[in-house]
Structure formats: structure tokens, C-alpha cells
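Chain by chain, the residues:
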Amino acid sequence: MLRLIATSLCLRCQHATALPLNLRPCVTLSSAENRQTVKDLYDLSVDIQKIRKLKGWVLHQSQAYTKQVAEVLKDMGASDSIVSQILAVHPEAVLCHPEQMQAQRELWMSVCPNQKDLIGIIEKFPASFFTSSSHHDNQRNNIAYFQSLNLNKRIITKLMASAPQSFSRPVEQNEVMVRTLQQAYQELGGEEANMKIWLQKLLSQNPFVLLKPPEALRQNLLFLRDKGFSTAELLHLLSKLRGFVTELDPDSMRRTLAYSQDAMGCSEADLRDIILNCPAVLYYPETILADRIKCLLSAGISMSQIILTPTVLELTTQIVMYRIQRLRAYGYDVRTGSLEVLNGTKKDFEVSYGKLKLRRERPIFNPVAPLRGDD
């Protein structure tokens, strides 16, 4: 019996010493994983368990370039922690051949101001940088096309980062959509001199507009024209919706407009004014609008106030209630005051709130009011 135990222990010892010394005990291997890839990722302090959970297939690839990818990123100025973060979020990067990665680096640097900015982009949008080599020609052609439109390099970089699909596809598809946008702008009375700035803003605010079918834009504009919006008003909507007009469709807009008119009890002309003041109403589903209107009414706000300041409907119910409570703490009653103070970003609201607070703490001096004296 003792002889069997001793033999078993010897076999275990031989198996343990057969493992490479540079694989720490905590770096356990799952079946068929690439031993070298796991070791290299561990040496770079990458969260291997996270990779196993979300993208374990990467560790099973026979060929990987973990060290080389890390070296290129560091050569571009990435710190050890940033390299670790990039590879944890997008482990597919280790499958990118060094030559392919160098080609991507040169391509992006043609529109990116410097390598520091490029590392920042890779950190936020790693999947946009580590793309298939089969897309390089399309990327190059699309960059050349957008440069021919005299678009700002930062706009082109933002498009590549946030909507990489638009650069991976043939340039002809983007040309069609851009031409459709330009034609719509001109037909609605937009000035030629302002077209480049208008297009830059639209693409910057909604890069995914390029991926939408051009016909959707035409159908939506025709629908809104049939609803009584003038040419100038359509141009206003096209600009204010920031490209989201392509996200809509006539059926959804018809339902939203019907609900809004019924809920607010207004005429079609008044409804058009509301839409022009708050174009976002067009793309909110009826359920969301219903919840927000109900929330405002429950806080004692009247429908006439909502119609006067429809932009308050852009705020979620949680944000509205939080801001109303903050305002009440300083004696501002939204039921009788303007709703404009509720609007805007968090920073905008804090500024408005700060002014109200200051006004209460330092009341306006009344020269005819009696002075308080000691009794």
C-alpha cells in the first residue's frame, strides 16, 4: 500500500515539474488553450478570467501576437495599465498580425493629430482600430472621400471610431448617402456656403446616419411636408434632429403625433410649433411620452406649462423629480414658475439652481423697507 502511494506521489511530482516555471500556479489552463497566449497575457496583468468568461475563444487560437501587439501600443505611448485594459476589453487584438497593426497605425495617423490622441481612441474604441485586413482598402478609400469633402480631420477620426462599419464598406455607399443629405439640404433652402459646416455637425452628432438607407430620409421628409411643415421648418428639423430623422419612419411618427395632439389637446398648428421647439418629441414612443407627461402632471405642473416649454419632455422622469425636489428646497414652485429652469444638461441645471440659491441667500435690497434693529 505504501509503495502505491509513493509511486502516485512521484508521478504527480514529475507532472508538476513538466509545467514551465514561468506559468504561475494561479494561471490555470483550460482544455486546448494556447499556453503561450495565457502566459503572455498574465505577464501583461490582463484579467484572464474575464477573457475566459466573455471571449474565451481567443485563448484557443493557435497563433497569437500578444507581445508584439503590446510592444506596438507601448511604442505609440500607451502605459502598461492602458495596454492591459485594451487587451482585457478587446482580446481579439492579440490575433492582429504586427504588419496589419502597423498598416492600421499609418492609416489612422493620416487623419489623427498625434499618437497620444490615437491611443485615446484605441482605449475607447479598440474594435474600430483592430479591424480585419480585408477592410483596409475600403477604409483608405473612405478616408480619401471624406477628405475630398474638406471635412475636419477630427470629424473623420470620430466617424472612424464611433461608426467603423461606415468605413469598412465600399465608399460608393457613403457617397450615395452624403449626396442624399446634400440634396435634401439644398432643396430645403440651405445655403451652399454653409453646407460643409452643416454636414460636419450632422455627421459629428450622429455618425450612424451614414448607415441608414437614403430612401428613409426622403420618405420621412415627405411625411412631414404632408403634415404641414414648411420648407424652412423642414430644414430646421433636419438640422435639429441631428440626423435622427433617418432613424424614424412615417408609421412611428404618425402614432407619436396622434398621441401628442390628443394628450395635449392642441390643434395641428400648435402641435407643429411644439415639434419645432422640441423635435425630440417626434422620435419618443407613445409609452415614454405618456410616462413623462404623467410624471409632470403628478407634480402639479399644468398641460399649458408643458405646451409652453415642451423641451421638458426630453428629461427622464427620475431627472425631473430630482430637479423639482431640489428647486422646492429653495422655495421655487414649478407649478407657478417657468419650467425653463428644469431644462438642459446637469451642468445647465446646476447653474440655474445656483442662481436661485444665491437670489434667496442675498435678497434684492429694498430701500423703503424698515431696517431691523435691536429690540
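Before reading on, note that the structure itself is shown above.
The written sequence of each chain sets the order in which its residues are numbered from 1. The predicted nature of this model means local features are confined to residues of pLDDT at least 70 and side-chain atom pairs, given and counted, to a pLDDT of 80 or more, with totals for whole chains, interfaces and linings taken over all residues. Where side-chain values are given, they derive from all heavy atoms of the structure, hydrogens and water being excluded.

1. Focus on the pattern of salt bridges
Oppositely charged side chains can pair when the atoms bearing their charge come close.
1) Next: Salt bridges, as used here, are contacts in which a Lys or Arg side-chain nitrogen is within 4 Å of a carboxyl oxygen on Asp or Glu. Within the structure shown, the criterion is met by 13 salt bridges.
2) Next: One salt bridge connects aspartate 80 with lysine 74, and the closest N-O pair in it is separated by 3.2 Å.
3) Next: Note on classification: 1.4 Å probe, protein chains only; a residue is buried when its accessible area is under 20% of the maximum for its type, exposed when over 50%, partly exposed between these limits. Aspartate 80 gets classed as exposed once you look at its relative accessible area, which sits at 53%.
4) Next: Notably, a salt bridge pairs arginine 335 with aspartate 333, separated by 3.0 Å at the nearest N-O pair.
5) Next: Note on arginine 335: relative accessible area 48%, which makes it partly exposed.
6) Next: Here aspartate 333 falls in the partly exposed class, since its relative accessible area comes to 25%.

2. A short note on the side chain of glutamine 200
1) Next: The helix and strand labels rest on DSSP assignments: H or I over at least four residues marks a helix, E over at least two residues marks a strand, and numbering proceeds from the N terminus. Tracing the backbone shows glutamine 200 in helix α13 (residues 195–205).
2) Next: If sequence neighbours within four positions are ignored, glutamine 200 has contacts with Asn150, Leu151, Asn152 and Ile155. Contact between two residues is taken to exist if any of their heavy atoms lie within 4.5 Å; hydrogens are not considered.

3. Structural notes on the side chain of histidine 90
1) Next: Its location among the elements puts histidine 90 in the loop between α5 (80–89) and α6 (98–109).
2) Next: When its relative accessible area of 8% is taken as the criterion, histidine 90 is described as buried.
3) Next: Excluding residues within four positions of it along the chain, histidine 90 makes contact with Lys55, Pro126, Ala127 and Phe130.

4. Side note on the packing of helix α16 (residues 250–264) against helix α17 (residues 268–277)
1) Next: Closest axis-to-axis distance for the α16/α17 pair is 10 Å, and the angle between their directions is 110°. Our classification of the angle between α16 and α17 gives roughly perpendicular. By crossing handedness, the relation of α16 to α17 is classed as right-handed. Where α16 approaches α17, its residues Leu257, Ser260, Gln261 and Met264 are matched on the opposing element by Glu268, Leu271, Ile274 and Ile275. The axes used here are C-alpha line fits, helices contributing only the stretch in contact, and every angle between their N-to-C directions lies in the interval 0 to 180 degrees. Each angle gets one of four labels, with under 35 degrees taken as roughly parallel, over 145 as roughly antiparallel, 65 to 115 as roughly perpendicular, and the rest as oblique. Note on convention: the crossing is left-handed when the near helix lies turned anticlockwise from the far helix by less than a right angle, right-handed when the turn is clockwise.

5. Some details on helix α9 (residues 136–148)
1) Next: Over its 13 residues, α9 runs 18 Å from end to end, which matches the ideal 18 Å to within 8%, given 1.5 Å per residue.
2) Next: Inspection of α9 places His136, Gln139, Asn142, Ile143, Tyr145 and Phe146 among the buried residues, and these make up the whole buried set.
3) Next: Residues of α9 that are buried sit in contact with α6, α8 (126–129), α10 (153–162), α11 (165–168), α12 (171–187) and α13.
4) Next: Following α9 by one or two positions, asparagine 150 has its phi on the positive side, about 60°. Here a helix's expected span is defined as the number of its residues, less one, multiplied by 1.5 Å.

6. Considerations on the nonpolar core
1) Next: Residues Leu73, Phe130 and Phe146 are the most contacted members of the largest nonpolar core, which totals 107 residues.
2) Next: Sort the elements by how many residues they give to this core and α12 lands first, with six residues.
3) Next: If we skip the residues at most four places from it in the chain, phenylalanine 130 touches Val69, Leu73, Ile86, His90, Ala93, Cys96, Met101 and Ile122. We define a nonpolar core as any set of buried Ala, Val, Leu, Ile, Met, Phe, Trp, Tyr and Cys residues linked to one another through side-chain atoms lying within 4.5 Å.

7. Here's the deal with the layout of surface pockets
Rolled over the atoms, a probe sized like a water molecule indicates the empty space that remains.
1) Next: In this structure, the largest pocket encloses a volume near 410 Å³.
2) Next: In terms of lining residues, the largest pocket is bounded by 14 residues, among which Gln205, Ser239, Lys240, Leu241 and Arg242 are the most central.
3) Next: Listed by contribution, the elements that provide at least two residues to the lining of the largest pocket are α13 and α15 (231–240).
4) Next: In terms of residue count, α13 provides more of the lining of the largest pocket than any other element does, four residues in total.
5) Next: Split into classes, the residues belonging to the lining of the largest pocket amount to eight nonpolar, two polar and four charged.
6) Next: Think of a 1 Å grid over just the protein atoms. A cavity is a set of points where a 1.4 Å probe fits yet cannot get out, a pocket is an open set with protein on both sides within 12 Å along at least five of seven lines, and lining residues have an atom within 4 Å of a point. Grid points are joined across faces, edges and corners, and a volume is the space filled by probe spheres set on the points. Put simply, the second largest pocket is a space of about 200 Å³.
7) Next: Forming the walls of the second largest pocket are Thr180, Gln183, Ala184, Glu187, Leu188, Leu217, Arg218, Leu221, Leu222, Arg225 and Leu234.
8) Next: For the lining of the second largest pocket, the leading source of residues is helix α14 (residues 214–226), giving five residues. Think of it as three bins: nonpolar holds Ala, Val, Leu, Ile, Met, Phe, Trp, Tyr, Cys and Pro, charged holds Asp, Glu, Lys and Arg, and polar takes everything else, Gly as well.

8. Details of the packing of aromatic side chains
1) Next: Here a pair means two rings of Phe, Tyr or Trp (six-membered ring of Trp) with centres within 6.5 Å. Their orientation is stacked below 30 degrees between planes, edge-to-face above 60, and tilted elsewhere. Within this structure, the stated rule accounts for eight aromatic pairs.
2) Next: Aromatic side chains tyrosine 283 and tyrosine 284 sit 5.4 Å apart centroid to centroid with 55° between the ring planes, which places their arrangement in the tilted category.
3) Next: Classification of tyrosine 283 as partly exposed rests on a relative accessible area of 34%.
4) Next: Note on tyrosine 284: relative accessible area 13%, which makes it buried.
5) Next: One aromatic cluster is present, built from ring pairs that chain together Trp108, Phe129 and Phe130.
6) Next: Ring-over charges, as used throughout, are those where CZ of Arg or NZ of Lys falls within 6 Å of the ring centre and within 35 degrees of the ring normal. One residue, arginine 292, lies across the ring of tyrosine 284, its end atom 4.6 Å from the ring centre.

9. Observations regarding the packing of α16 against helix α18 (residues 286–298)
1) Next: Two elements in contact, α16 and α18, have axes separated by 9 Å at closest approach and are oriented at 25°. If you check the angle between α16 and α18, you find them roughly parallel. Crossing angle aside, the handedness with which α16 passes α18 is right-handed. Contacts between α16 and α18 involve Arg255, Thr256, Tyr259, Ser260 and Ala263 on the former and, on the latter, Glu286, Leu289, Ala290 and Ile293.
2) Next: For the contact of α16 with α18, the class distribution of residues is five nonpolar, two polar and two charged.

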